[in-house]
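One letter stands for each residue in the lines below.
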Amino acid sequence: MKKLLYILSLSVAFVSCKKWVDINDNPNSASSDKPSAEQRLPPLIAQFCDGYESSGTRAAFLTQQLAVSIPSVPTSNNNWNLTRWYSNTSSANWPWQCWYVNAAVNITPLIEAAQRVEAWHYIGAAKIIKAWGFGTLADFYGMLPYDEFDVAAILTPKFDDASYVQTKVLALLDEGIADLQKAQPASAPALSKGDILNRGLVDNWIRLAYGLKARYLNHLSKRTDYNPQAILDAVSKGPQTEAQSTVMQYVDEGPSVPSAAKEALQYTNTATTGRVTKLYTDYLWNTYTGAPTGASNRVDPRIRLLLPHMQLGDGSYKASQGVDMASELPKVGPKPYTYDANTNKFSDKDSVYIVMRKTPYAPAAGQRVQSTGTWYTLRGAKGLLVTNAEMRFIEAEVQFRQNRPAEALAAYKAGIRAHMMHLGIAADTINAFLASTSVVQVPGSLTLSHIMIQKYIAMSFSVENWADMRRNDFCADAAGNYNETTGVYKGYRRPSHVFVEAYPNQTDWPRRFAVASYEVNYNIQQLLSANPNATKPTYLNEKIWWDKQ
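To keep things clear, this report deals only with the structure shown in the data block. None of the values given here were measured: they were computed from a predicted structure.

1. Considering the nonpolar core
Consideration 1: By size, the foremost hydrophobic cluster in this structure holds 149 residues, and its most contacted members are Trp 99, Trp 132, Phe 134, Leu 144, Leu 173, Trp 205 and Tyr 412.
Consideration 2: A per-element tally of this core places helix H6 (residues 120–141) first, with 13 residues.
Consideration 3: Excluding residues within four positions of it along the chain, Tyr 412 makes contact with Pro 292, Phe 393, Ala 396, Val 439, Val 440, Leu 446, His 450, Ile 451 and Gln 454.

In structure tokens:
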């Protein structure tokens, strides 16, 4: 009774104060209904890109683009665990938190603010971001709360399977396209006022939506409802040039004014411990099994941009060696190292595995360059999110599956060209490489492996590489065993330090990410109701819906 009286007293007090609260409302203070659509969109884009690109970094460890340096065997190190295909609840948290807490909950308020002023283009952009975020994480985790995620009265939302989420995602993309095609009244804010991603270019947002449709529809390549023509139709309306691609431009404020809120996500995420792998270097050097070769081979011009290089004593540069994930090295290293300017030497032989950050940040005259960094890991780098290069490789894959080798070859070459153009490589250099025997020249010689390995390079640090690897079964045969003859991703082997609790059999591969600890700790009943195996180690090798035949 005392508790009830106390609550009633508080209620009276709050009612009595309401009038005072109303008349003292500060229009300059934060509240849910004050920020306009153009004020809400920039942080939403920034938070989405953080979660999206961080998902890509995590996937890069799983797909063996990235390795990690370690002083000893730190089983608690998330990135090291990811290299052994172990995504624990801790490493699973940030993409989940960044999306749900920092981004997704702000989409409806943005749409409501935009509706009040008929800012249809903001509504369209918000719906595309919502579709993009849920589509990405549904494929990443395999299941997640969708229908009930933002219902205020529900503290333990149910999980929806990724197959259901995809239907919602595709519908949202269509709605977003329709909103972007509407004419806004003159009183509505122009999209350019709040768009830090596509610079207010409405056409780019529409092409982004179609590009995402092509991506998600192409995930169905194992299924009977795979629709090649629908994918090609979406591709034709997606980005066709570099300028039409959706690219996040990060900011380099210099060594004295660093801002983690502006710098490239891959600069932040790879830090000083990230290393490239042998798989990645083999693909770039064209030394994998079945790589195109002949009398007029040329070195891929992307090597100098995508692999960190170290300056040698004679002033020349040497590319980083790649960590062989199937060797014994990942169990104990590679070890971190330091540089002594007085002796001009490094502290450990593992310096051949070069750090991915440019070091020093601004070399002085005569100062040795310890690492050139990479195009993606410079502080002011670009994030290639949905590009014309990706569209060309999707087209190449679809045409190949439709037994149209000439069309597939043309799209395969166009994809390589588009990625090189994004990197700023000169046209004559691109032309020379594309005309060489390091690139397939004859339609009948083109394989799915050639297409997907080039796409793997063009999609560096993208979560899409993991989606592609899963639906193409890595480098395994129909029985699930590693088979370099029939496998697509030549050289992608089980790591020597594989997390055997999750992958006890040679036919087990990384199929889904662990569930975030928040759901395990606070929503366990709904989690286990959706999948009773969700807390078991072997949950990580369970195929998600489009990965099944």
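2. So, the packing of helix H5 (residues 107–116) against H6
Consideration 1: As a packed pair, H5 and H6 sit with axes 9 Å apart at the nearest point and diverge in direction by 165 degrees. Between H5 and H6, the crossing angle belongs to the class labelled roughly antiparallel. Helix-helix and strand crossings are classified by hand; for H5 and H6 the assignment is left-handed. For the pair formed by H5 and H6, the contact residues are Ile 107, Leu 110, Ile 111, Ala 114 and Gln 115 on the first element and Tyr 122, Ile 123, Ala 126, Lys 127 and Lys 130 on the second.
Consideration 2: The residue makeup of the contact of H5 with H6, split by class, is seven nonpolar, one polar and two charged.

3. A look at the environment of Thr 89
Consideration 1: Along the polypeptide, Thr 89 turns up in the loop between helix H3 (78–83) and helix H4 (93–103).
Consideration 2: Remark: the alpha-carbon pair of Thr 89 and Glu 519, spanning 430 residues in sequence, is separated by 9.3 Å.
Consideration 3: Other than its neighbours up to four places away in sequence, Thr 89 contacts Ala 514, Val 515, Ala 516, Ser 517 and Val 520.

4. Looking at the environment of Asp 300
Consideration 1: Counting through the fold element by element, Asp 300 comes out in the loop between helix H11 (278–285) and helix H12 (303–306).
Consideration 2: With relative accessibility at 5%, the residue Asp 300 sits in the buried group.
Consideration 3: In the structure, Asp 300 is positioned 138 residues away from Ser 438 in sequence and 8.1 Å away in space, judged by C-alpha atoms.
Consideration 4: Beyond its immediate chain neighbours, meaning those up to four positions away, Asp 300 contacts Leu 284, Met 420 and Phe 433.
Consideration 5: Side-chain polar atoms of Asp 300 contact the side chain of Arg 302, separated by 2.8 Å.

Rules behind the numbers
- Residues numbered from 1 in each chain as written.
- Predicted model: local features only at pLDDT ≥ 70, side-chain atom pairs only at ≥ 80, totals over all residues.
- Heavy atoms only, no water.
- Core = buried A, V, L, I, M, F, W, Y, C linked by side-chain atoms within 4.5 Å.
- Buried < 20%, exposed > 50% of the residue type's maximum accessible area, 1.4 Å probe, protein only.
- Helix = DSSP H or I, 4+ residues; strand = E, 2+ residues; numbered from the N terminus.
- Contact = heavy atoms within 4.5 Å.
- Axes fitted to C-alpha atoms, helices over the stretch in contact; angles between N-to-C directions.
- Parallel < 35°, antiparallel > 145°, perpendicular 65-115°, else oblique.
- Left-handed = near helix turned anticlockwise from the far one by under 90°.
- Nonpolar A, V, L, I, M, F, W, Y, C, P; charged D, E, K, R; others polar.
- Polar contact = N/O pair within 3.5 Å; in protein donor to acceptor, adjacent residues only side chain to side chain.

None of this, on its own, says anything about what the molecule does.
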